[in-house]
Amino acid sequence: MTTGHFKEGIAGGRLSSEAYADNFSDLHPPLDHHEALVESDRCYFCYDAPCMQACPTSIDIPMFIRQIATGNALGSAKTIFDQNILGGMCARVCPTETLCEEVCVRETAEGKPVQIGRLQRYATDVAMGEGKQFYSRAKSTGKKVAVVGAGPAGLAAAHRLARHGHDVTVLEARPKSGGLNEYGIAAYKSVDNFAQAEVDYVTAIGGIAIENGKALGRDYQLSELTKKYDAVFLGMGLGGVNALRAEGEDQDGVANAVDFIAELRQASDLGSLPVGRRVVVIGGGMTAVDAAVQSKLLGAEEVTICYRRGKEHMNASEFEQDLAAANGVTIRHWLQPKKVIADGGKAIAIELEYTAMKGDKLVGTGETLRLAADQVFKAIGQSFVPAALNGSGQAIALENGRIKVDGEGRTSLAKVWAGGDCVVDSREDLTVSAVAAGRDAAESIHRTLMG
Amino acid sequence: MADIRNNFIGIKSPNPFWLASAPPTDKAYNVERAFKAGWGGVVWKTLGEEGPPVVNVNGPRYGAIWGADRRLLGLNNIELITDRDLQTNLREMKQVKKNWPDRALIASIMVPCEEQSWKAILPLVEETGADGIELNFGCPHGMSERGMGAAVGQVPEYIEMVVRWCKQYTRMPVITKLTPNITDIRKPARAAKSGGTDAVSLINTINSITSVNLDSFSPEPSIDGKGSHGGYCGPAVKPIALNMVAEIARDPETHGLPISGIGGITTWRDAAEFLALGAGNVQVCTAAMTYGFKIVQEMIAGLENWMDEKGHRSLDDVIGRATPNVSDWQYLNLNYIAKAHIDQDACIKCGRCHIACEDTSHQAITSMVEGVRHFEVMEDECVGCNLCVNVCPVDGCITMVPLAAGTLDQRTGKTVEPVYANWTTHPNNPMAKVAAE
């Protein structure tokens, strides 16, 4: 029987410990001082800069880059944090290639944008490394606000509320804070326990109490919060994972990509983390790429992403797709899962059906393909689980299965705001969008409470 | 193939690129390397009188300013004349000249402003076989405090007096090096000419403090917490040097006086500009100190290529060609009207033209047209100032397009006149010269 890399089935210890360390090191290593100066020199300090317009949190990018160039890294960090208190994580996980860097005029001119994300990381690393706090709390207002979920939206809201002098209690279902920053991001994008360091940095302003292990609907009800607090912000993200709707979905070896990603992030010993020899990931977004690449890095021999539409329809950015390809992941298009084939209850293959557009409808062509797979990850999207909201009191209005909010993040319930992935709004489901939503909802709450 | 051989006041060199008197020409080792790299000539680092040589500071001698990517734009130095023994220098000069007979070797000299001092050193220099001498009346630091260098160059009478001594005591051609630290460069040039100089060279370095250390509050370069002004050179000084060269070239009193152009020459293009404004050859220092001697090869090839392309056969076809085009402001054609034009295909939409125009000039460039980011010149506001061209990061994206005679200037509502007209006859000029009736 083969061992190590070529071990059959789902198994750990496929690689040497050095290989694990190497594979899961920083995807974009930080710029050193010299690199940061050279890169910052490339910024043209554009008028009404396109990068700034593309940033969901509207960071004054030309200004922060100029501050790096003039040797004022702390000032640069403040420019970033003024708009985005989670600027450190966003510098690491933002798909800059579809946001600020995509519209950089240097991209237009030379096809090489200023590396805005890495410069942002440089500045925020300096400030966080020094433990420099730029904000202090305003005089206490005596108002109490509950924040549900300690993810990007919740943390951004909590920080802004605390700055305004409100007392904030954050209720987080998971044992650790950070939300998807802690549980939902590929390990090589956030090394050295950065998510927790950022939680500490954000909460250091004071006035923010985080209670972990407190799940809405299980440990408390929304109606209790609205009674006890002056305002509530809901930022609990998406709790559900979309089903494959394929036969055999419950076989051993079929798992949610988000759970795999979370488990990997929490693993203290990557070598003990089992992964299949042949892995198939169903989906076309960032989660699919994160799961596929990490499977490969854990030592899977063959990893294939199967997406039911074409390359141009994939939610994963071009950069992410290239990253997958560079790591040896095969991406196949126009395939939808039909049946997981098992042997003795364990997945051994997946049968997929080719798809095509018929008019504006996606249909199966009837032709099928069978891929050997001892592990199948579902990454076809997450959904909002509203049940927890409805334990008591008035039901909150939903739209397209998520919480309905107005332009300021107000829900249909008085005193209740919401933001991040759990709401339906014009923003994309990105960390940086959640930060913007949390920040803006906090301002709305502040105006309402003090109005 | 263009012939770039140079004959400057009878001193021949295979090309017009000389190294200026400075650290790169301090000793045989450097000069040998320079000649191997292709330099046409060198002006040896300034010699002082016999006796114990000067001493330099033992800390930083240079300060600098930088552009993007730490590209050196301006260099400042507080180094003095050679700190090596006179006889050592003379011996090496003689040997180098013997090794490189086809290259120009000029001795830069700075001795006290006394006839005897000059009379004493000139025969010693002559004996080396040097092709000529350059009188250092420019050095603005250290030596000037001792009554030499710029202290002489700032007093036209002294210049004339010393030049006269030199012409009297040596058969070698005399080049008088001028300091820019003076109000009107024509005055020392005229004095040098009156004294009988064969040529002038300029500019020497400009008094400068490059920066202040914000921790110690010492000027840079800092010597034990103190700094003294230094001499500034490099690409940043080129415009100042070009103007001074042109001033002398077009001054009726000094017109035709050979000029060796110095000041920030970094590329063949810079050199060609000096030649065009009237310099007979050029001297280079900072570019070599930044990039090494090899840069002369780019200068030679670039100059040759340009001359070939334009059909200039020899340097004489180029020298002074731009001098007649240097004019006083009052004679510029006020009927010449140009408007900025933005090439939309080349535009990268940085918006710098817009904000420069909007905040600081004439509000003549759009930023948004029909809800779309778009930068376009509004000709009814554009005065043709050229600021947008200068701040645009894309070469050739914005150009100044002259309006043809007979077309309408949308800004003034007037038709462009076909005739030349300047301020001296402009109706708004209270001093306007009215044509005699």
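Because the structure is a prediction, the values reported are computed rather than measured. Going along each chain's sequence as written, the residues are numbered from 1 onward. Chains carry letters from A onward and ligands carry numbers from 1 onward, assigned in written order. With pLDDT at 70 or above as the cut-off, local features in this predicted model cover only qualifying residues; side-chain atom pairs require 80 or more to be listed or tallied, and sums for whole chains, interfaces and linings still use all residues. Only heavy atoms go into the side-chain values, all of them from the structure, while hydrogens and water stay out.

A.B. asks: Could you clarify how one ought to interpret helix 6 (residues 186-195) of chain B in this entry?
C.D. replies: One turn of an α-helix holds 3.6 residues; hence residues three or four places apart share an orientation. Only protein chains enter the calculation, and the probe is 1.4 Å; a residue is then buried if its accessible area is under 20% of its type maximum, exposed if over 50%, and partly exposed in between. Each helix is a run of DSSP H or I of at least 4 residues and each strand a run of E of at least 2, with the numbering of both proceeding from the N terminus. Of all the residues in helix 6 of chain B, the buried ones are B:Pro188, B:Ala189, B:Arg190, B:Ala191, B:Ala192 and B:Gly195. The inward-facing, buried residues of helix 6 of chain B abut helix 4 (150-153), helix 5 (156-169), strand 9 (174-177), strand 10 (199-202) and helix 7 (238-250) of chain B. Residue contacts are defined here by distance: any two heavy atoms, one from each residue, within 4.5 Å place the two residues in contact.

A.B. asks: Help me understand the confidence of the model for chain B in this model?
C.D. replies: In low-pLDDT regions, the fine details of the predicted coordinates are not to be read closely. Residue-level confidence of the predictor is summarised by pLDDT, bounded by 0 at the bottom and 100 at the top. The predicted model of chain B averages 96 in pLDDT, with 99% of residues at 70 or higher. This prediction of the complex comes with two scores: 0.91 for pTM and 0.88 for ipTM.

A.B. asks: What is the right way to read the pattern of salt bridges from this model?
C.D. replies: When their charged atoms lie close together, side chains carrying opposite charge are able to pair. By convention in these notes, a salt bridge is any Lys or Arg side-chain nitrogen within 4 Å of a carboxyl oxygen on Asp or Glu. Scanning the entire structure with this criterion turns up 46 salt bridges over all chains. A salt bridge links A:Arg278 to A:Glu8; the shortest N-O distance between them is 3.5 Å. Taken together, the positions of A:Arg278 in strand 9 (residues 278-282) and A:Glu8 in the segment before strand 1 (10-11) put the pair 270 residues apart, joining distant regions of the chain. Residue A:Glu8 is classed as partly exposed on the basis of its relative accessible area, which comes to 41%. Between B:Arg190 and B:Glu253 there is a salt bridge, with its nearest N and O atoms 3.6 Å apart. With B:Arg190 in helix 6 and B:Glu253 in the loop between helix 7 and strand 15 (259-262), the pair connects residues that are 63 residues apart, well separated along the chain. The class of B:Glu253 is partly exposed, set by a relative accessible area of 48%. Linked through salt bridges whose partners overlap, the residues forming this network are A:Glu8, A:Arg277, A:Arg278, A:Glu301 and A:Glu302.

A.B. asks: Sorry, what's going on with the layout of surface pockets here?
C.D. replies: A water-sized probe, rolled over the atoms, reveals where empty space remains. Taken as a whole, the second largest pocket holds about 630 Å³ of empty space. Definitions used throughout: a 1 Å grid over protein atoms alone; a cavity as a set of points that fits a 1.4 Å probe which cannot get out; a pocket as an open set with protein on both sides within 12 Å along at least five of seven lines; a lining residue as one with an atom within 4 Å of a point. The wall of the second largest pocket is formed by 17 residues, among which A:Leu37, A:Ala69, A:Thr70, B:Trp66 and B:Arg70 lie closest to the centre. Broken down by secondary-structure element, the contributors of at least two residues to the lining of the second largest pocket are helix 2 (33-40) of chain A together with strand 5 (62-66) and strand 12 (211-212) of chain B. Any residue that is not Ala, Val, Leu, Ile, Met, Phe, Trp, Tyr, Cys, Pro, Asp, Glu, Lys or Arg is counted as polar, Gly included; the first ten are nonpolar and the last four charged. Residues that form the lining of the second largest pocket fall into these classes: 9 nonpolar, 5 polar and 3 charged. Grid points are joined across faces, edges and corners, and a volume is the space filled by probe spheres set on the points.

A.B. asks: How should the interface of chain A and chain B be read in this particular structure?
C.D. replies: When the parts come together, some accessible area is lost, and that loss is often what is quoted as the size of the interface. At the junction of the two partners, chain A supplies 13 residues and chain B supplies 15 residues. Computed with a 1.4 Å rolling probe, the buried area is the accessible surface lost when two parts are put together, summed over both parts. Roughly 1000 Å² is buried in total at the junction of chain A and chain B, and carbon and sulfur atoms are behind 61% of that figure. At the boundary of chain A with chain B, the tally comes to 0 salt bridges. Polar contact is defined as a pair of N or O atoms within 3.5 Å, subject to the rule that within protein one atom must be able to donate a hydrogen and the other to accept it, and that residues adjacent in sequence are counted only when both atoms are side-chain atoms. One can count 5 residue pairs in polar contact (both at pLDDT 80 or more) joining chain A with chain B. Sorting the residues of the side of chain A that touches chain B by element identifies helix 3 (50-54) and helix 8 (105-110) of chain A as the ones contributing at least two each. By residue number, the principal contributor to the side of chain A that touches chain B is helix 8 of chain A, which donates 3 residues. In terms of residue class, the side of chain A that touches chain B is built from 9 nonpolar, 2 polar and 2 charged.

A.B. asks: Can you walk me through the sheet that holds strand 17 (residues 398-399) of chain A in this structure?
C.D. replies: Backbone-to-backbone hydrogen bonds pair the strands of a sheet. The strands run either parallel or antiparallel. Residues and elements named next belong to chain A. Read from one edge of the open sheet, 3 strands run 17-18-20, paired in mixed fashion. A strand with exactly one partner marks an edge of an open sheet, and here the two such strands are strand 17 and strand 20 (423-424). Pairing between strands is defined by DSSP: at least two bridges between the two strands are required. Bridge count for strand 17 against strand 18 (residues 402-404) is 2 bridges, and the pairing is antiparallel. Each bridged residue has a counterpart across the sheet, and for Glu399 the counterpart in strand 18 is Arg402.

A.B. asks: I keep staring at the packing of helix 4 (residues 61-69) of chain A against helix 9 (residues 116-129) of chain A and nothing clicks. Help me out?
C.D. replies: The packing of two helices is summarised by the inter-axis angle and the distance between the axes. Residues and elements named next belong to chain A. Note on method: axes are straight lines fitted to C-alpha atoms, helices fitted across the in-contact stretch only, with angles between N-to-C directions ranging 0 to 180 degrees. Running from N to C, helix 4 and helix 9 cross one another at 60°; their axes reach a closest spacing of 10 Å. Overall, the two elements helix 4 and helix 9 adopt an arrangement that is oblique. Along this stretch, helix 4 crosses helix 9, giving a crossing that reads as left-handed. Touching Ile61, Phe64, Ile65 and Ile68 of helix 4 are Ile116, Leu119, Gln120, Tyr122 and Ala123, all from helix 9. In this scheme, roughly parallel covers angles under 35 degrees and roughly antiparallel covers those over 145, while 65 to 115 is roughly perpendicular and the rest are oblique. Crossing handedness is defined as follows: a turn of the near helix away from the far one that is anticlockwise and smaller than a right angle gives a left-handed crossing, while the clockwise case is right-handed.

A.B. asks: Help me understand empty space enclosed by the protein, please; the structure alone is not making it clear to me.
C.D. replies: This model, assessed by the stated rule, comprises 7 cavities of 30 Å³ or more. Computed from the structure, the largest cavity encloses a volume of approximately 420 Å³. Forming the boundary of the largest cavity are 33 residues, of which B:Ser21, B:Ala22, B:Asn77, B:Asn204 and B:Thr205 lie nearest the centre. Where the lining of the largest cavity is concerned, the elements lending two or more residues are strand 4 (41-47), strand 6 (72-77), strand 14 (230-233), strand 16 (281-284) and helix 9 (286-291) of chain B. Ranked by residues supplied to the lining of the largest cavity, first place goes to helix 9 of chain B with 3 residues. Approximately 140 Å³ is the volume found for the second largest cavity. Lining the second largest cavity we find 15 residues, and of these A:Cys55, A:Cys94, A:Thr96, A:Cys100 and A:Gln120 sit closest to its centre. Where the lining of the second largest cavity is concerned, the elements lending two or more residues are helix 6 (87-93) and helix 9 of chain A.

A.B. asks: Help me understand the sheet that holds strand 3 (residues 167-172) of chain A in this model?
C.D. replies: All names here are of chain A. Read across the sheet, 5 strands follow the order 4-3-2-5-19 without closing on themselves; strand pairing throughout is parallel. Strands at the two margins of the open sheet, each flanked by one partner only, are strand 4 (208-212) and strand 19 (416-418). Averaged over all pairs of adjacent strands, the angle between their axes in this sheet comes to 20°, without regard to strand direction. Sheet analysis places strand 2 (residues 144-148) next to strand 5 (residues 231-234), joined by 4 bridges and oriented parallel. Within the sheet, the bridge partner assigned to Val148 lies in strand 5 and is Leu234.

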